[in-house]
Amino acid sequence: MSKPSIPQGTRDFSPEVVRKRQYMLNLLKGIFEQYGFQPLETPAMENLVTLTGKYGEEGDKLIFKILNNGLHELKDAKREKVAEDWNKMLEKPFSSPAITERALRYDLTIPFARFVVMNQNELAFPFRRYQMQPVWRADRPQRGRYREFWQCDADVVGSTSLINEAELLCIYQAAFHAMKLPQVTIKINSRKLLAGLAEVSGNAALMMDITIALDKLDKIGWDGVAKELEQRGISADGISSIREIISVTGTNEEQLAALEAIMSGSAIGLQGIEELRKTLAYHQSLVNTAWDSTIEVDISLARGLNYYTGVIVEVTTSAVSMGSIGGGGRYDDLTGLFGLKGLSGVGVSFGIDRIYDVLEELQLFPAALSVATQVMIVNFGGENEAYALRALQPLRQAGVTAEIYPDAAKFDKQMKYANKRNISYVLIAGDDERAANKYSLKNFTTGEQQLLSLEECMAHISSQG
RNA sequence: GAGGCUGUAGCUCAGUUGGUUAGAGCAUCAGAUUGUGGUUCUGAGGGUCGGGGGUUCGAGACCCCUCAGCCUCCCCA
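Scoring rules and cut-offs
- Residues numbered from 1 in each chain as written.
- Chains lettered and ligands numbered in written order.
- Predicted model: local features only at pLDDT ≥ 70, side-chain atom pairs only at ≥ 80, totals over all residues.
- Heavy atoms only, no water.
- Phe/Tyr/Trp six-rings, centres within 6.5 Å; stacked < 30°, edge-to-face > 60°.
- Lys NZ or Arg CZ within 6 Å of the ring centre and 35° of its normal.
- Salt bridge = Lys/Arg side-chain N within 4 Å of Asp/Glu carboxyl O.
- Helix = DSSP H or I, 4+ residues; strand = E, 2+ residues; numbered from the N terminus.
- Buried < 20%, exposed > 50% of the residue type's maximum accessible area, 1.4 Å probe, protein only.
- Near = heavy atom within 4 Å.
- Polar contact = N/O pair within 3.5 Å; in protein donor to acceptor, adjacent residues only side chain to side chain.
- Nonpolar A, V, L, I, M, F, W, Y, C, P; charged D, E, K, R; others polar.
- Core = buried A, V, L, I, M, F, W, Y, C linked by side-chain atoms within 4.5 Å.
- Contact = heavy atoms within 4.5 Å.

Visitor: Just to check I follow, could you spell out the packing of aromatic side chains for this structure?
Guide: The relation between two aromatic rings is expressed through the spacing of the ring centres and the mutual angle of the planes. Under the definition given, this model contains 13 aromatic pairs. Grouping aromatic residues by their ring pairs yields a cluster made of F32, Y130, Y172, F176 and F350. Sitting over the face of the ring of F112, R129 holds its NZ or CZ atom 4.0 Å from the ring centroid. Seen from the ring of Y106, R137 lies directly overhead, with NZ or CZ sitting 4.0 Å from the centre.

Written as structure tokens, this is what we have:
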């Protein structure tokens, strides 16, 4: 006998877990809507060409591809094409529409960009949308990393105003405040600042290499970063100027002021500094003082996705050992990939699977999330069953969640079931009750039992909750 | 792509230098108790010890291969 199983990196969500996930999703949804974002859903699968080349070389490898149907029915030239392309696939990374036309979506941003381009004439820009759906990656699963996981994204497209950046920072703060998640830090940087850093260090062309190396500062320390910079072809002078830049400390404004001096020769770097200043200023005028998460300028923040062009952010909590729980940034020309030029966007993403793990570990889910049925009617079968059934609809119409045990099983079996289900009341409708046109209502918490009319039962339950 | 750990009942796990018929807790079912749950007590069912090969008088244990899961690095949420 083969034991049933689910694919690696996927999970079932039990009723209790779904309640907790819905708690997070409902909370995020409420905040997104409060900020004027509209819901959007896109298909689980996209055309493969929509996705390839958007996530870098590594990303392409992690896209789940879907095998075309009916390959065995192909004839002649098409059949030969499949055989030929199949051999290519066996030899090198290669995709063929003859074999795989579709793939599971890898994130929510690219499908969003695709949607915007397809619907550009109907949408009112700036267009603000939020989207909460699963995405799939053919990664090796490990702690906090799954092959199927959910993203919750909020993006604004069609506006270059930094008010958008500031509002998205507020959304992060509002959300983590509502979840009561402690020690949250939102790191903020700008790709332009990173470009300036590359320029000042004399390696403008190696900006990506520098940012990739810098991004590891937390993990491998400065010595490790220096070694990696060297490997990536940065000169000793360059490395020491990079060190000078990332050694800048102090408050956000102090850092920006210091960077401004260092980057006086880099137009793009100064532009990045100015953008961060404005973003933080807008944020100041929007912020709710109750929010306790901090926003920190961090020049070493890089983020892997290569379509970011302006402000970038990443969220972490030091309360638990876990990677980032959210991230985002501005992408000036995302829709340009699909032929719509000049439309700038900015967005953030919540990694709710990781946030779930964090909330669970810190026991931050509200205790009252489980919703048990209020009343279960015991089923004695025959005439008594009919009598019991008559009570069900009035209870439900009175707003009481109610169910009947569907089989005339042994009494103690039904009671055990009610107990296991955490049901608050059991309604007993047997010979004696039916003769009196009443019901025995048993409170499962106290064990107390009363013979009452149906109306009295409903009144009692409503008053006790 | 590289490396490490673990596979024994539905679940979590014991199982001594290789030695009779592989155990426990939980869960399930039955009974004590046919109209009263939780707490008890009694009993029962449930295993190709991941799979294949090898060493041995004898393998759950040792060796080889293989599969699966978990974890770490890379990268990411």
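Visitor: Could you clarify how one ought to interpret the pattern of salt bridges in this entry?
Guide: Proximity of charged atoms lets side chains of opposite charge pair with each other. The final tally for this structure, using the stated rule, is 22 salt bridges. The partner of D85 in a salt bridge is K81, with the nearest N and O atoms 3.3 Å apart. With D85 and K81 both in helix α4 (residues 76-91) and four residues apart, the pair spans about one turn of that helix. Judged by its relative accessible area of 1%, D85 falls in the buried class. Taking relative accessible area as the criterion, K81 reaches 39% and is therefore assigned partly exposed.

Visitor: Help me understand the protein's contact with RNA strand B, please; the structure alone is not making it clear to me.
Guide: In the vicinity of RNA strand B lie 36 residues, with R145, Y146, R354, F411 and Q449 positioned nearest. In RNA strand B, atoms within 4 Å of the protein come 50% from sugar and phosphate. Here a base nitrogen of RNA strand B sits 3.0 Å away from a polar atom, N or O, in the side chain of N419. Residue D431 places a main-chain N or O atom 2.9 Å away from a base oxygen belonging to RNA strand B. Broken down by element, the residue count for the surface near RNA strand B peaks at five residues, all from helix α15 (residues 411-420). Counted by class, the surface near RNA strand B contains eight nonpolar, 11 polar and 17 charged residues.

Visitor: Could you clarify how one ought to interpret the nonpolar core in this entry?
Guide: Soluble, globular proteins show a tendency: their nonpolar side chains are buried together. Ranked by internal contacts, the top residues of the largest apolar core, which has 97 residues, are L28, F32, F37, F176, L197, L229 and F350. Those residues in contact with L28 that sit more than four places away from it in its chain are M132, C152, A175, M179, F350 and I352. In terms of nonpolar packing, the next biggest core, distinct from the first, is built from 20 residues, Y425, C457, M458 and I461 among them.

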